[in-house]
Amino acid sequence: MTEIKQLLNTIKYQLKQQAKTYRDVADALQLSEASIKRMFSDSSEAPITLDRIIEISHFLGFSLAELTQEASLTQAKLSTLSSAQETELISDSVLLMVAVCAVNHWSMADILSTYRLSETECLRHLLKLDQLKLISLLPGNRIRLNISRDFDWIPGGPIRDYFRQEGMPDFLNSRFHHEMENFTFTHGMLTEAAASKFQTELRHLKRKFAELHAESLQSPLKKRHGIGVLMAMRPWEPISFSKLRKN
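Reading the values: the criteria
Residues numbered from 1 in each chain as written. Predicted model: local features only at pLDDT ≥ 70, side-chain atom pairs only at ≥ 80, totals over all residues. Heavy atoms only, no water. Helix = DSSP H or I, 4+ residues; strand = E, 2+ residues; numbered from the N terminus. Buried < 20%, exposed > 50% of the residue type's maximum accessible area, 1.4 Å probe, protein only. Areas by Shrake-Rupley, 256 points an atom, 1.4 Å probe, with all protein chains shown as cover. Lys, Arg positive; Asp, Glu negative; His and termini not counted. Charge placed at Lys NZ, Arg CZ, Asp CG, Glu CD. Salt bridge = Lys/Arg side-chain N within 4 Å of Asp/Glu carboxyl O. Core = buried A, V, L, I, M, F, W, Y, C linked by side-chain atoms within 4.5 Å. Contact = heavy atoms within 4.5 Å. Patch = residues over 30% accessible without salt bridge, like charges linked within 9 Å, V, L, I, M, F, W, Y side chains within 5 Å.

The protein chain goes by Helix-turn-helix transcriptional regulator in an unreviewed UniProt entry, where it is assigned to Undibacterium amnicola.

Below, the structure is given as structure tokens:
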């Protein structure tokens, strides 16, 4: 990938993160939207100039140096934390809350407007997340995530154990009958091949959820809702059944 293309991809990503459109860029640069689209087109016969990249960088709140650093870091993102890092997160419930907000692309202003935290407290926790390498705190208290798109908590690790013990009972304590709620449980008998196919479908569904999450980032926070999805699959039968099995 050329350096210019890497910068353009970073700009596109930041536009999505900040819920800005090509029309917003066009208005800021006093150009037509069609001109902006041509600049970002891979097949454009008139490649974008460095001056234009600098202008767009400033529009997004970055210097050219910061944007270049952003572009270089996109190739080295975390796909998971260490067990020690996860343990440190769950040692402080407020730190964990701020971390979850950051992972869901909240800004510091979003966190302060939603939770009873002082700016000093919030900043202290964001700096801790910066030390843990989960985020980088940029000038103006902007949050840059250092995680890849396929980032996940460690299977069987401290975070998942925490939510299994603390969050799961609360999550399941619902009748699941309101809008945006659904609860489905089904049981059957599958061959190993059929179970493997269904596991593949679950992975596809997880990726689709991640795509919709990224798409929703274009909307303001007040129009987004925290949605929990539980996808689980394992060989299982009720304990009362298994007790009756012959040895």
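(A) Geometry of the overall build of the protein chain. On a plain count of helices and strands, the protein chain comes out with twelve helices and two strands. Ordered by position from the N terminus, the helices and strands of the protein chain form the series α-α-α-α-α-α-α-α-α-β-β-α-α-α. When burial is assessed residue by residue, the protein chain has 26% of its 247 residues classed as buried. In the structure as shown, the protein chain presents an accessible area of about 17,000 Å², 54% of it carried by carbon and sulfur atoms. Placing the 31 positive and 29 negative side-chain charges of the protein chain at their respective mean positions leaves the two points 5 Å apart.

(B) Geometry of the pattern of salt bridges. The tally for this structure, following the rule as stated, stands at ten salt bridges. For the salt bridge of Glu 88 with Lys 128, the shortest nitrogen-to-oxygen distance reads 2.5 Å. Taken as a pair, Glu 88 in helix H6 (residues 83-90) and Lys 128 in helix H9 (residues 119-131) lie far apart in primary sequence, 40 residues in all. For Glu 88, a relative accessible area of 29% puts it in the partly exposed group. Residue Lys 128 is classed as partly exposed on the basis of its relative accessible area of 25%. Note that Arg 164 and Asp 161 form a salt bridge whose closest N and O atoms lie 2.6 Å from each other. Here the residue Arg 164 and the residue Asp 161 both occupy positions in helix H10 (residues 158-172), the gap between them amounting to three residues, near one helical turn.

(C) Expanded view of the nonpolar core. Among the nonpolar cores identified, the biggest contains 26 residues, and Leu 89, Ile 111, Leu 126, Leu 129, Leu 134 and Ile 135 are the most heavily contacted of them. Among the secondary structure elements, those contributing two or more residues to this core are helix H7 (93-103), helix H8 (108-114), H9 and strand S1 (135-138). Top contributing element to this core by residue count: H7, with seven residues. Leaving out residues up to four positions away in the same chain, Ile 111 has contacts with Val 98, Cys 101, Trp 106, Leu 117 and Cys 122. In terms of nonpolar packing, the next biggest core, distinct from the first, is built from 18 residues, Leu 29, Phe 40, Ile 53 and Leu 60 among them.

(D) Quick peek at unusual backbone geometry. If you check the backbone angles, His 105 has positive phi at about 70° while not being a glycine. By the element assignment, His 105 lies in the loop between H7 and H8.

(E) Quick look at a nonpolar patch on the surface. A contiguous nonpolar surface patch, about 610 Å² in accessible area, is contributed by Phe 171, Leu 172, Phe 183, Phe 185, Leu 230 and Trp 236. Among the structural elements, Phe 171 can be located in helix H10.

(F) The side chain of Gln 14, seen in detail. In this structure, Gln 14 sits in helix H1 (residues 3-17). In this structure, Gln 14 is in contact with Leu 60, Phe 62 and Glu 70, ignoring residues within four places of it in sequence.

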